[in-house]
Amino acid sequence: MKQKKNKEMAAKPSSKAISKAEALVVHLISGFGLAVAFWVAHNVHSISLTSHPSLTLRLIWVFECLAVILLYSRYRKDHERCSYFKAVGRGLLGLPAGALINALGAIVLGAPAGIQYLPRTINWSLVMALFTIAPAASVFGSSWTDWQRIFAFTKQSTYILKFDSIRECRCSKLILAIGSTLLIEPVDYMICLPAHGAVIGAWFGAFPMPLDWERPWQEWPICVSYGAIVGYLVGIVASLGFMLVRQHVKGD
Amino acid sequence: MPWLTCTKLTLFTIAGVAIQMVGLSIFVFGFFPVKPTLPGHSGSESFRAPQCDLVRNESESDLHPHQLRSLYKELSGMPPAFDQLILMVIDGLPAELVLGKDGKPPSKALMEAMPYTRSLLANGMAIGFHAKAAPPTVTMPRLKAMVSGAIGGFLDVAMNFNTQAMLDDNLLGQFFKIGWKMVMLGDETWLKLFPGLFLRHDGVSSFFVKDTVHVDQNVSRHLGYELSRDDWDFLILHYLGLDHVGHIGGRNSALMAPKLREMDEVVKMIHMNSILNQKNDEGQTLLVVVSDHGMTESGNHGGSSYEETDSLALFIGVKNNISDDFLSTHNIIHQVDIAPTLALLFGVPIPKNNVGVLMAEIFGYLSEDQQMKALELNSWQLLRLLQAQIPGLSCRNYPRDGLRDDQDFRIAKCSGSMEAMFCCLYTNAALLQKSWMSKEISSREDYTSTVVAYYEFLRTASEWLSHRATDKPVRLLTVGIAAMLLSCLILLSLLFHTCKEVYLREQSLFDLESIKQTWYLDETFVLGVVLILIVSMASSSMVEEEQYIWHFVASTLNLLLLRKTIKCPTGAGAQDLHSSSKGKNKISFCRLSSISVVLISGRILRGWHQGGVNWTNLPDISKWLEQAGTDNVKSIQLVSCLLVMSLSLCVLFLFGFNMKFVLVIGFSFLMSGLLVLQHFVKHQDALPWFVRFSTSEMGLSHDLYMSTSVPNEVQNNMLLVKLRESLYLVGWEYISFWCLLQLLLQQTINSMTIVLLLVQILASMLYFSYSGLHQKQWVEIAALYFLGMAGHFALGNSNSLATIDVAGAFMHGDVCLCEGHKLSPISRECRFHTTPQTDAWLPLSGSAGVELHFANSIHHRIADNEEPSFCLERLFPKVHLCLYHNYMRLHGCICSSYNSDIYLLGAGVEEKDAI
């Protein structure tokens, strides 16, 4: 069913700017991928994240991998030089690299580094890579400036001076102006906000771990995964919201 | 003209700090109220009504104990039913484990663990109570509450470690006055509380929490002897083992059932020997089994949860007509009720500060008027205490014997102020009693209503008094908090004004508008951390596991700094120094590598000690190293010492100061470092091995360091630069010498931790020095502070008192084994030779085949339930035990080793009170 939808989308003439509806569909499918993964885990294999974290996380990343890399590759930046399959390949390459970065980050922050936790850490970091690095890899490839723009807002200083011109605007519009100046294209929102949401969610998700509630879900990486998923979903909603408001402003 | 002059700033700062301190002290005094207690001891006046206190028998103190005893007997009109008391205190036993909860019996495993006690309860030969203990649930305040019936202030916890003799009126003092002979076996807290009261005693220490076996054996081994003798009237047994079991493994520890079985054996032995065996004319023995407090699921105590306050009171030997198991285990009393009950049972005055109420179930054997008398005595005592607390209370205004002729008077409804209420309740009871006594044929109904009236008064008074003992004066607390808030406001406004001044000045000097207006992520994060810390203090497990938070926060900040570095590789301040792209690359590389070094070493530090309270058993690097063998630990110590030395020297000479002064400093550092090294090597067997290591490691660390750091060009010889250099020099010397000192003082396993901490500090310094103006200084301070806190926990510390590292003291000082570590009967075969001249040197590794390195490793062996070949508790008393690196010196002992067992042939000083 997903494949069919992809084909439908591919049939449409792809433009650089994504419409509202398209973004909605993309986000819905990524959310749907998560839901399907959980459904399969629960109903087919009858496992849950708490009972079999490693297996469930593997299911999640397999389904998300299909949804995310295939979808985001359509919105690749350099349409002329890069084919669809090359973008998919970039995304697939970005997956282990992103997993490595995420795993290193988690271990530095105190995730257990023992051998018995290795499968869980690998699966978790693959999921995190799909939330953060892989879509960006599909879209941007090796364009360092784009990466910097997405993950570090380095263009900030150049836009600060623009604030003076719009100082008269109301406060809410100011925020929108920041948003629109920093992230130029809709696809930027779609990558940046969920990725940051997932990382921040995972960070907050780690807080219950040292508590002595003695619940099974306090184990690494269960509550961190829950936090990441919640953060990712919040990021999706936020990115949709931003796009709606931005188009509204543009319309004005 | 700036608003903030120097004098104003100083004055306001001083005022703010002073107000803060005053507010804090007011708050502390309010939060830990010290309640005044009544001085003196109850005497014969406690057998008279409080209204006729005026006649006081002054000659009472001259009376012989036996005369005093008969005087009390005569005055009270109650013959003591028992004349021997055995008080068995089981430290930390929750009543739930013996009596069950909510009327349900305890689990089957626990029932099977205490078969004898269960049978006693089932046959009605014992009455069990859930005795509700008042917080703080630690041993000393609870013992005080049991013997004096008073509820102390919360500050008693602080005194728990330095117990002072108990001066308030208490049961033991009263028993001593009537000439009882007392024997104490068990926790030495009793000895500190009541010095000189005991005929014989054998104290054990509760310091070695990991010992669960010998601490109880040392109590039980005297038991047979004591039970066979009859020269004592009061025997106290205080078993600590169960509390230790709880501290090690919690309620569900595997050691719990055997420990309960052991306690049951003790109860059985006492019951068989002294209660069942006695003849009727010889008087009776009462066995009271109590626990001072309960424990939580994880075995801790101190708080006020149900699990912790649910302590046990079990009266064995009381004639009881209730044989229903449910009824005899479902009673709930207060722990303070034990004191008046025991006082009345044994015919001594109730201690003056008692707030407890006698337990009616125990007095079932007495006749009705004797029970009434007991109630009256308890009421008089409480009324006296009330009169002392409420100065105006005399109850004289109430018609004591009004309505004399009116036989069926109505009980007044009691309401109104506290004083009126107490008086009214008391008068009601007294009147009812009078009317009951005056009747020729006493009816059951009158008796019951009198008892009910007395209990109403007693319960109300007891509740009010115990609340008063723990009440906090709200007004004082409010004033304290308000003062602290005020000082906070003053200091914050000062800070605000200073910032404004600085900002204005800066604005006039440079045009930095664009820089200062942006808030960076790391700065926001540092402020957020303050909030996170405040919130985390609300959860007890977050306090217990604080090391996770600090590591998490420190690494997150460093990750944010890493992100910032990637974002703009060169610091803004460095741009004027290095304009070429090559220099920029170098700088960005330096910043990246130094921050990664901080991150990596931070992670290793986190894994070094598991720390905390709940997950200490998880594997960590230090445990792994200790398992790998002592040689490895030793070599790590040497390597880390060398690393510290080479690092410090490198950093010192790297900057190429053209000063002979630096050479001198470097030389002195080298010398002291070599001294430390020599200290380490002294006990090392394999010297060639050390030489090999030293050469290789020296070179390695040199290379490593040279690659990561870049000489900071000193551009000119301005005075400011000189000053900066010398400040840097002083600071660095301070850090490096401190590291050397810590290498000496810390445990061997921690030596690598110190190197890693040094590396972290160095790398952070490098990072921040290359960041220049780009980094706000308070972020730097926060980052270093986070590193410091994480490092504190990385050394194996935690917020639990149990992890205070005294191993350093054990290594370099003398351990004096005090009383309580006596030779157990098993090793009595050892012949006693008094040879004070000879010292025994036990090699801890090598020839004897025993590898014991520190005192704590000796205790580890006991905790692991191995058969300890050598342990502190089996040593002779008054033997000075000194642990050196490879040797344990026993002052004045002869020993020999055979088949990897050590035999003590003689002890230095003979036991004075040896049996």
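Parameters at a glance
- Residues numbered from 1 in each chain as written.
- Chains lettered and ligands numbered in written order.
- Predicted model: local features only at pLDDT ≥ 70, side-chain atom pairs only at ≥ 80, totals over all residues.
- UniProt positions renumbered as here; feature names shortened; annotations may be inferred.
- Helix = DSSP H or I, 4+ residues; strand = E, 2+ residues; numbered from the N terminus.
- Pairing = 2+ DSSP bridges.
- Axes fitted to C-alpha atoms, helices over the stretch in contact; angles between N-to-C directions.
- Parallel < 35°, antiparallel > 145°, perpendicular 65-115°, else oblique.
- Contact = placed C-beta atoms within 7 Å.
- Nonpolar A, V, L, I, M, F, W, Y, C, P; charged D, E, K, R; others polar.

With an unreviewed UniProt entry as reference, chain B is termed GPI ethanolamine phosphate transferase 2 C-terminal domain-containing protein, source organism Malus domestica. Its UniProt record gives chain B the following Pathway (unreviewed entry) comment, quoted word for word: "Glycolipid biosynthesis; glycosylphosphatidylinositol-anchor biosynthesis." Taken from UniProt, the Subcellular location (unreviewed entry) comment for chain B reads in full: "Endoplasmic reticulum membrane".

Listed under Pathway (unreviewed entry) in UniProt, the entry text for chain A is "Glycolipid biosynthesis; glycosylphosphatidylinositol-anchor biosynthesis." Under the Subcellular location (unreviewed entry) heading, UniProt states for chain A: "Endoplasmic reticulum membrane".

What follows covers the UniProt feature "transmembrane region" (unreviewed entry) in chain A. Feature annotation in UniProt assigns "transmembrane region" (unreviewed entry) to the following positions: residues 21–41, 53–72, 92–115, 121–140, 174–204 and 224–245 of chain A. In residues 121–140 of chain A, the share of helix is 95% and the share of strand is 0%. The end C-alpha atoms are 27 Å apart.

Next up on the list: the sheet that holds strand β2 (residues 126–132) of chain B. Residues and elements named next belong to chain B. Strand order in this open sheet of 8 strands is β4-β3-β5-β1-β6-β7-β2-β8, and the pairing throughout is mixed. Among the strands making up the open sheet, the edge pair consists of β4 (200–204) and β8 (331–334). Looking at each pair of strands side by side, their axes are set apart by 15° on average, direction ignored. With 5 bridges joining them, strand β3 (residues 182–187) and strand β5 (residues 234–239) adopt parallel strand pairing. Within the sheet, the bridge partner assigned to V183 lies in β5 and is L235.

Residues and elements named next belong to chain B. It is at 5 Å that the axes of helix α26 (residues 621–628) and helix α27 (residues 630–654) come closest, and there the two elements cross at 120°. Relative to α27, α26 is oriented oblique. Contacts between α26 and α27 involve L625, E626 and A628 from the former and N632, V633 and I636 from the latter. Along the lines of polarity and charge, the residues of the contact of α26 with α27 split into 4 nonpolar, 1 polar and 1 charged.

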